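Listed below, chain by chain, are the residues.
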Amino acid sequence: MKRLHNAVVWKLVIILFIGVLPLSLYGQDEKIAPVTGTYAITNVNITQAPGRTIQLGTVVVKDGMITAVGKTVSIPADAKIIKADSMYLYAGFIDGLSHVGVDMPKEEEDQDVDDPSNPPNDIAGIQPDRDVRGLLNPADKSVDDWRKLGFTAAHVVPEGRMLPGSGAIVLLSGDTPDEMVYRSGTSLFSQLRGASGIYPNTVIGVMAKYRDLYRNASYAKSYKQRYEQDGAGMERPVSDRVLEAFYPVIDKRIPVAFKAESVLDIQRVFILKNDLGFNLMLGEVKQGWDVIDKIKSANASVFLSLELPELKEEKEKDSTDTDEGDTKKELTAAEEEQQRLDARKKEMILNHYKQPALFTANGVKFGFSTLEAKSKDIKSNLSKMVENGLSEDAALTALTTAPAQLLGLSNTMGTVDAGKIANLVISDKPYFDEKSNVKMVFVDGKLFEYDDKPKKKKSDGEDIDPIGSWSYSTETPQGTTTGTLKITGEAGDYSGEMTNSQTGETTSISDIAISGTSMTYSFQINAGGNMLSISVSVTIDGETFDGTMTVGSYGSFPVEGERIPEQ
Amino acid sequence: MKNNITLILALLLAFAASAQQKGDVLIKNGTVLTITNGDLAETDVLIRDGKISKIGKGLKAPSGAKTIDATGMYVMPGIIDAHSHIALDAVNEATSPVTAEVFTGDAVDPLDVSIYRALAGGVTTSHAMHGSANAVGGQCETIKHRYGTVDPEALKMKGAPRTIKFALGENPTRVHGAGNNMVPRTRMGVEAVFRNSFSEAQEYMAAWNEYNVNKSKKGFKGAPPKYDLRLETLADILKGEIIIHCHSYRADEIYMLMQVCKDFGIKRLVFQHVNEGFKVAPELAEFGAGASVFADWWAYKFEVYYSTAYNATILSENGVVTSINSDSGELIRHLYHEAAKTQKYGGLTDKDALSMITINPAKQLGIEDRVGSIEEGKEGDIAIFNNHPLSIYAIPMYTIIDGVLQFDRQNDPDDMRIYVNPEEKIDVTFSQNDHTVDRCMQGTEFLFKN
């Protein structure tokens, strides 16, 4: 939802009353245009760029552009003055790789394919010819969620599997998709994610298919060049949108933007890059700390994930406890093992938290990406990174100047300087202060205001009530499974059953346990004569949950669900 | 607790540093089972810069070299497993009966703790194979168990010949025939898939040859043939650049694939499992095909009922290069026991029994000039046991790869994982059974749901 400045609305009301403007122009509140495109943000602490600050200065914005920044600047007569007294102003943040504002059509479940070894490209997830512009929805909730965090521009890509489509740079405002678009065809988005039950299904299938497509595209491209020079006597090259989508990559006009979260996926992408030679943009990196040298030598642009694993601090026992072994109860072997395992897990989680600081220390320029992050976690995750060694300047760099450079936007975005697009974020306290709130965001010169909403107090530590019916869906190599989950009973003695919409089977679930907002349960399925134990662990957030399902030794798969309202 | 963490980190760092290194080590005074040159009592083996530089008595350690006192111990070449699926993130691209283009080298997982478990069983090299879901499966990677790195490249045995997995019988017919209602539905279909694939590859090669010959000619107007990574790979098999390793059980089919290979001029062929190999042992020997078998595992599906524990001996006695494999992250830890079974069933000599897990699998993988025996000039891959490795009392003490100590029983921490799952649920009482599934068919389970 777009909010107009209260004062602007008030002014409009007055104007309407005195009848200066024809009423018909303003049939709907939503469509009210701002009275002026000129703003002067005064008395504000300006961080023009990391390390470049002006105490209590003024920023003038006119028609979508920053026109003046300084301690004392003349304020145009038509400017609406925003007294941002003692607030903090930064360049609008740039999201380096994101699905923000991308509204994907619902994927049809388990589409029947005649020949799973040779499925149609779109079902196989091979859609590099798809343009993210056709999937943008400026009214998507994520646009405002991201803007509220201070993001004003994003490199957006479609969702999908191996080759979801081409990306675009968008501004997080506008009434139509085209109004959002700053630059299109900026990258070829790729993932090591295979198709469900059809070719290419696994990472080895995806990598082989990627090579095959890329090399075919190279041949097709050079043949087409030959044909265009002197086509007489030559067989006419057949148009192929999938292969043609690779041409700008082969020409090194645009990079491949590869999603690679794990340390292994990152290195698999390097294998492809070495084989094929494309320019690489690495997105959603979660475990890059051990491969910094490889990232450097691949000369890849890097966007680190803003999703972090959660560190659940136990009630911290005083570390001296264990040393006074005589007075305390001896730990059992299992408890000791538990402690060791917990310590290793914590160490691993902290590696994720420390990653941005480590990249900075190693001189690797990076931005952030949000393919996986939830908006509610982003600000606290940034704080965790800062708490774990990332300087605030470096964090700001990764949100502004670095992505601007990595995405080729430095001329027009990334700093608060005259001539740049008026993308600004204004917070009541320094942004990286835990208690700061974003009060105003300018995108493309348009003002969005945010009030503090009194947060609904959730009583801390109280167990959530899971009773009722939930829909769930999980994604495994077999495809998507959906169904319902019904939980009955009372706290401490829950029971339940789940149905599978695909098979129609009903299975009882057991070991239902609730702790705070997390719920765990397990069930068994018969897999070819073997009973397979499946354990599920989810976090309930209001009316939805998400988490993982662990299937014996086959691995873990995502599961999510939603409460089915009572009839 | 802090100390524990520090210790673990220190160990991991030590391991990380050792990845892909070549080391110096002097193994003193052991009984050296060279495999190719008899057993040498109270003999030293010196490894310098990753290679065995000297075998003899009274050798001096160069400065900086680690010395292992192997007095009373047995020093053998690092064990080689010609059929394994450890250290892989993906095993089967089970969506097509022919997937020659896929490559397990793309899915190598250096973080798999199974690698360390294999080291703890003296295994230094394994053949990380594609599964047996497809008639023509994917290409495989030969890896050295250099555990302690996050770099998949560090595990790859650079320079080892390319290999590819084929499969006969129930697996491909079940996956594609019964599972997806396509060819091959029968054993005849499997043969047809091979013949069609190779014929297409011949046409593909011919088309490219013609194009390459003509393309530089003046006024040439032709288009290049459509590039196809699958046919490229099949063509490389026809050119002799890739060794076929074929999952097989029944004698008729084993014979069939030899005929197919003869017809297409393919010479490098190793059969895997080969439970009925004993029925066609002379034919296998005549062809020059290898056989990589289980010591005594069968009856897990219909086509594996006609089996015998004497298989390895019969094949070996008929002159077939025979190895004993694991196909399992569990069996791989005691391949020396598996090899010893050939003495119970067939009375093979120590040398022949040990050859089954050293020089013979090396030959099948085309790496016998580098590993598989203790010879000067070969790579410094060594397993040291407290007793004779074929003894039931044998315990692996040290495992060395390229002169770097990778396993030391005296320094063997509980938790050898390199990365832990940051979202794992820690429950020390939780147990799960890993050994109920046939790893060969990993990733195909979804095809058999009702």
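How each quantity is defined
- Residues numbered from 1 in each chain as written.
- Chains lettered and ligands numbered in written order.
- Predicted model: local features only at pLDDT ≥ 70, side-chain atom pairs only at ≥ 80, totals over all residues.
- Helix = DSSP H or I, 4+ residues; strand = E, 2+ residues; numbered from the N terminus.
- Buried ≥ 20, exposed ≤ 12 C-beta atoms within 10 Å, placed from the backbone.
- Contact = placed C-beta atoms within 7 Å.
- Rg over C-alpha atoms; globule rule 2.2 N^0.38 Å.
- Core = buried A, V, L, I, M, F, W, Y, C linked by C-beta atoms within 7 Å.
- Pairing = 2+ DSSP bridges.
- Axes fitted to C-alpha atoms, helices over the stretch in contact; angles between N-to-C directions.
- Parallel < 35°, antiparallel > 145°, perpendicular 65-115°, else oblique.
- Nonpolar A, V, L, I, M, F, W, Y, C, P; charged D, E, K, R; others polar.

Asks: Explain the overall build of chain A to me, please; I cannot follow it from the model alone.
Replies: Along chain A, the regular secondary structure elements total 13 helices and 24 strands. Expressed as a percentage of its 567 residues, the buried residues of chain A come to 40%. A sequence separation of at least 24 residues applies to 62% of the contacts in chain A between residues at least 6 apart.

Asks: Explain the overall build of chain B here, please?
Replies: Along chain B, the regular secondary structure elements total twelve helices and 16 strands. Against the 2.2 N^0.38 benchmark of 22 Å for 450 residues, chain B shows a C-alpha radius of gyration of 23 Å, consistent with a compact globule. Taking the principal axes of its C-alpha atoms as reference, chain B extends roughly 65 × 60 × 50 Å. By the burial criterion, 54% of the 450 residues in chain B qualify as buried.

Asks: Even after reading the chapter, I still don't get the nonpolar core, so can you show me in this structure?
Replies: Soluble globular proteins tend to bury their nonpolar side chains together. Ranked by internal contacts, the top residues of the largest apolar core, which has 238 residues, are V59, L89 and L282 of chain A together with V75 and I384 of chain B. The dominant element in this core, judged by the number of residues it contributes, is helix α5 (residues 203-229) of chain A, at ten residues. Excluding residues within four positions of it along the chain, V75 of chain B makes contact with I27, G30, T31, V32, L33, V45, A70, I382 and I384 of chain B. With 15 residues, the next largest nonpolar core counts Y472, M519, Y521 and V536 of chain A among its residues.

Asks: How do you make sense of the sheet that holds strand β13 (residues 366-369) of chain A when you look at a structure like this?
Replies: Within a sheet, each strand pairs with its neighbour through backbone hydrogen bonds, oriented either parallel or antiparallel. Residue and element names in this part refer to chain A. Pairing within the open sheet is mixed, and its eight strands lie in the order β6-β7-β8-β9-β10-β11-β12-β13. Two strands in the sheet have a free side with no partner beyond their single neighbour: β6 (93-98) and β13. Going from strand to strand, the sheet's axes swing by 30° on average, the running direction of each strand aside. For strand β10 (residues 256-259) and strand β11 (residues 280-285), the ladder comprises four bridges, and the chain directions are parallel.

Asks: Help me out: how do you make sense of the environment of D251 of chain A in this one?
Replies: Here D251 of chain A shows up in the loop between α7 (247-250) and β10. Here the alpha-carbon distance between D251 of chain A and S218 of chain A, two residues 33 residues apart in the chain, equals 9.6 Å.

Asks: How should I be thinking about helix α12 (residues 392-399) of chain A in this particular structure?
Replies: Think of an α-helix as turning once every 3.6 residues; residues three or four places apart then point the same way. Burial of α12 of chain A is extensive: six of the eight residues sit out of reach of the surface. Those residues of α12 of chain A not exposed but buried are A394, A395, L396, T397, A398 and L399 of chain A.

Asks: Teacher, can you tell me more about the pairing of strand β2 (residues 52-62) of chain A here?
Replies: Consecutive residues of a regular strand have side chains that alternate between opposite faces of the sheet. All names here are of chain A. In this sheet, β2 lies alongside strand β1 (residues 38-49) in antiparallel orientation, the contact comprising eight bridges. When the bridges of β2 are listed, A49 appears paired with R52. Where β1 hands over to β2, the hairpin turn is made up of two residues, of which G51 adopts a positive phi near 85°. Here β2 folds back onto strand β3 (residues 65-70), and the loop between the two strands holds two residues, one of which, D63, carries a positive phi near 50°.

Asks: For this particular structure, what's the right way to read the packing of helix α5 (residues 187-214) of chain B against helix α6 (residues 229-238) of chain B?
Replies: Helix-helix packing: each pair is described by the crossing angle between the helix axes and the interaxial distance. Residues and elements named next belong to chain B. The geometry of α5 relative to α6 is characterised by a closest axis approach of 8 Å and an angle of 95° between their N-to-C directions. In terms of axis orientation, α5 runs roughly perpendicular to α6. Here S197, F198, E200, A201, Q202, Y204 and M205 of α5 come into contact with α6, specifically with L231, L234, A235 and L238. Per-class residue counts for the contact of α5 with α6 are eight nonpolar, two polar and one charged.

Asks: For this particular structure, what's the right way to read the sheet that holds strand β10 (residues 242-248) of chain B?
Replies: All names here are of chain B. Taken together, eight strands build an open sheet; the order of strands is β6-β7-β8-β9-β10-β11-β12-β13 and the sheet is mixed. The outermost strands of the open sheet, each flanked by one partner alone, are β6 (79-84) and β13 (322-324). When the angles between neighbouring strand axes are averaged without regard to direction, this sheet yields 25°. Relative to strand β8 (residues 136-144), strand β7 (residues 123-128) runs antiparallel, the two sharing four bridges. The residue bridging T125 from the neighbouring strand is K144, located in β8.

Asks: Teacher, can you tell me more about unusual backbone geometry here?
Replies: Excluding glycine, most residues fall at negative phi; most peptide bonds, likewise, are trans. Here the bond from Y199 of chain A into P200 of chain A is cis, since omega is -10°, no more than 30 degrees from zero. Relative to the helices and strands, P200 of chain A is located in the loop between β9 (181-191) and α5. Note that the residue after V183 of chain B, namely P184 of chain B, is joined by a cis bond; omega there is 5°. If you trace the backbone, P184 of chain B turns up in the loop between α4 (170-180) and α5. The backbone phi angle of I35 of chain B is positive, close to 75°, even though this residue is not glycine. Residue placement: I35 of chain B occurs in the loop between β1 (25-33) and β2 (39-48).

Asks: I would appreciate a short explanation of the pairing of strand β14 (residues 424-427) of chain A in the present structure.
Replies: All names here are of chain A. Residues of β14 alternate between two faces, with L424 and I426 on one and V425 and S427 on the opposite face, all of them buried. Alignment of strand β5 (residues 88-91) against β14, held across four bridges, turns out to be antiparallel. In the strand pairing of β14, Y90 is matched with V425. Pairing of β14 with strand β15 (residues 438-443) involves four bridges; the strand directions are antiparallel. The residue bridging S427 from the neighbouring strand is V438, located in β15.

Asks: Explain the environment of E376 of chain B here, please?
Replies: Residues and elements named next belong to chain B. Mapping E376 onto the fold places it in the loop between α12 (359-365) and β14 (382-385). The class for E376 is partly exposed, based on 13 C-beta atoms found within 10 Å. With 325 residues separating them in the primary sequence, E376 and K51 have C-alpha atoms 7.7 Å apart. Discounting chain neighbours no more than four positions away, the residues touching E376 are I52, S53, K54 and I55.

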